[in-house]
Structure formats: structure tokens, C-alpha cells
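The chain contents come next:
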Amino acid sequence: MKNKKIEEVKSVMEKDLKEHIDLKELEELRVKYLGKKGLITELNSEIKNIPNEEKKAFGMEVNNLRNTFNTYYEETKEKLELEVLNKKLEEEKIDITLPATKVKVGAPHILEKVIEEVEEVFLSMGYDVVDGPEIEEDKYNFEMLNIPKGHPARDAQDTFYIEGEEILLRSQTSPVQVRTMLKGEGKVPIRMICPGKTYRRDDDDASHSHQFMQIEGLVVDKNISLSDLKGTMDILFKRLFGKDVETRFRPSYYQFTEPSVEVDITCVNCHGKGCNVCKNTGWVTVVGAGVVHPNVLRMSGYDPKVWSGFAFGFGAERLAMMKYDINDIRVFYNTDLRETNTFDREDEE
Ligand code: DAH
């Protein structure tokens, strides 16, 4: 026997459970049928008015209704949610024909560029580019370079000490000469350059910085002489500044070379005519160099009777300043990109 109430709900439901509906309407339907006062929920409370022998059939009918609704609800919900998602994806599609947002591309620091240029020159001549520690031992920074404790030459290279008197921030890249020879264990040839940070206890001004970059060089082999050094310096500066640039040697003094020289090049600002950059001499000093002192070779395991070598060291800032016409070394370290970028237009579009 059909129950009137159930038949009523059924016929309402038949009209309600339609295909074209949105998520909001679907939710309203859920409340209408299964909410606290929903039509199906209320059928449950009808059961007490049903004669006992019909209770079971009634219960089953209500369950059927609930299942019908639930199936409809789940399927429709899934279908509608998928539709919403697809619509969203459609709307958010990336239009690859739109002009891209401009990404600012960085450029190498001018100091880095100069160092790379120097590396290129030496790599093409068969040199290795090596590295050494910035925190160095007194032994390598001074002693094995023929500068024993108490030597007056140490005064000019006062630096920052990390622990006692033995561990310091290297005041020059020359200790890498020692490290390279020790590592070479007497083998030749050695041809290396080492660019790296160095430190001095200097007050910063236009031409001094407590931190700066040096490029060290060392060659050890048989019959290496001052003329090999001269040729090498000549090639380096012609490659960096052009064919007209000339080099000259002046006698100098370093503890780890004998003889020692200063290398001058013709002023790139006035081409040797004389200007305020070269103090009207036409020449600018750029490198300290010399023939490796026998003591230095010996201390690092190379017999000076068999082997000889030359070494050189120069400041990278100095070269960059000449190349880019900068007159204050602090420009390299003050991290104001507006200043260093002005020297580097060629890398920009
Ligand atoms: N290390 C020296 C300095 O800082 C520069 C130098 C001079 C390096 C002569 C050398 C050299 O290798 O042979 O003043």
C-alpha cells in the first residue's frame, strides 16, 4: 500500500532533481530534503504514526528516497565542481602572445670583468688559475716569502690578525706562490695566476682600501729569466689596453724576488704624452715583480741551482680604474650599483 506522504515527497522530488542546476541551488535542495526540517528527514518522524505491520515497508521507502537523493546529489556535485574548475582554468589560461614582464639581468662587476680578461690572457698562455685561502698563516704570508718575524717589510703590510700572531687575513696573494710550490712537490713547470682578495690595515681613501684584489703570478721551470717576465708583461698589457701600450722595468726591492722590478706601462689616458693620471710622466706603475729569490724556491722544495722562476703581483682595482677611468677605489666596494653600473653599459640592451 502506497503511503500518501511518501508519494507526495516523491513527486516533488521528481520535479526538483533536474539536470540544469548550479552549486547554490544544489545546496538548497540538500537542505530542502535532508536538512533538519527537510522533507525526507520529516518522513522519519512520520514513522510513529504508521501501523506496526507497515513500519518496515515505510522505512524502506524512505531509505530509497534518501538513496535516490544522495546519488543525485553526489553525481551532480562532482559534475558541477568539474565545470567550475574547467571554467576557471579556461579563464586563467596564459596568453603567451602577451609581452613578457622584463626581468632585470645582472652584469658582472667591473672588477670581476677585468679579472676575467686577465685570466683569459694567461689561460691562453697555458697558465692555471688557482685559488688560495683569504685567512692565511703567518708562515705562508711572510716567513716562507723570505720575510721573517721582525723584518721591517712587515710594517708596510700590516693586516688583520684573527688568532694571536699566526693567523691573519692575507696582506698579499704571494703566499699562494708558496702553497703552489709545496703542492707541486718539486715538479715543473709551474705556471699559475691567482686572483684573490687581500687585506691591509689601511685607512680608506681615494687610493687605499682595507680590502682589495690582487692577481699573483708564478712561473717555475728551467732557465727562466727576467726577459721571460718582460715578454709576459708586454703581452698582458698589449692584450688588455691595445698594441701601442709599452712596458718598462724599473729596479725595485721585494724580499721574495731578486732582482726585483716595478713594471710601468705607458699611460692609457694620455698615451704617454703626460697628464694628471700619470703625473705628467707618461708612465704608470702597475706591477711588482721579479725573479724568484733562491731562498723562496729552497724553502718550498725547489732546488735553486736547478730551477728558476719569475713572479709578479698587481692590484686588479688599479687596472679597472685605468680601464674605466675611475678615480676613487671606494667605488668598487660601496655597493652602490648606480655607480658601478655606469661603467658597464655595453652589457645592457
Ligand atoms: N706581493 C707584493 C705586494 O703586495 C706584490 C708582488 C711583488 C708580488 C713582487 C710578486 C712579486 O709576486 O714578485 O706588494
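Refer to the preceding data block for the structure.
Now for a look at the structure at hand.

Conventions we followed
- Residues numbered from 1 in each chain as written.
- Predicted model: local features only at pLDDT ≥ 70, side-chain atom pairs only at ≥ 80, totals over all residues.
- Heavy atoms only, no water.
- Helix = DSSP H or I, 4+ residues; strand = E, 2+ residues; numbered from the N terminus.
- Expected span 1.5 Å × (residues − 1).
- Buried < 20%, exposed > 50% of the residue type's maximum accessible area, 1.4 Å probe, protein only.
- Pairing = 2+ DSSP bridges.
- Axes fitted to C-alpha atoms, helices over the stretch in contact; angles between N-to-C directions.

## Observations regarding helix H4 (residues 52-91)
Consideration 1: End to end, H4 covers 58 Å across 40 residues, agreeing with the expected 58 Å (1.5 Å per residue, within 8%).
Consideration 2: Along H4, the positions that sit buried rather than exposed are Phe 58, Val 62, Leu 65, Phe 69, Tyr 72, Tyr 73, Thr 76 and Leu 80.

## Describing unusual backbone geometry
Consideration 1: A cis amide bond, omega -5°, links Val 188 with the succeeding residue Pro 189.
Consideration 2: With respect to the element layout, Pro 189 can be found in the loop between helix H7 (175-184) and strand E5 (190-199).
Consideration 3: With an omega of 0°, the peptide bond between Glu 258 and Pro 259 qualifies as cis.
Consideration 4: By the secondary structure assignment, Pro 259 is in strand E8 (residues 257-266).
Consideration 5: Positive phi values are uncommon outside glycine, yet Asn 223 reaches one of about 55°.
Consideration 6: Following the sequence through the fold, Asn 223 ends up in the loop between strand E6 (211-221) and helix H8 (226-241).
Consideration 7: Classification of Asn 223 by relative accessible area gives exposed; the value is 70%.

## As for the pairing of E8
Consideration 1: E8 sits mainly inside the fold: 8 of its 10 residues count as buried.
Consideration 2: As defined by bridge partners, strand E7 (residues 247-254) adjoins E8 across 7 bridges and the pair is classed as antiparallel. Each residue of the ladder has a partner; that of Ser 252, found in E8, is Ser 260.
Consideration 3: The turn linking E7 back onto E8 is made up of 2 residues.

## What about the sheet that holds strand E2 (residues 135-137)?
Consideration 1: The 3 strands lie next to each other as E2-E4-E3, forming an open sheet whose pairing is antiparallel. The sheet is open, and its two edges are formed by E2 and strand E3 (161-163), each paired on a single side. For this sheet the average axis-to-axis angle between neighbouring strands, irrespective of direction, equals 40°.
Consideration 2: When E3 meets strand E4 (residues 167-169), the two strands line up antiparallel, connected through 2 bridges.

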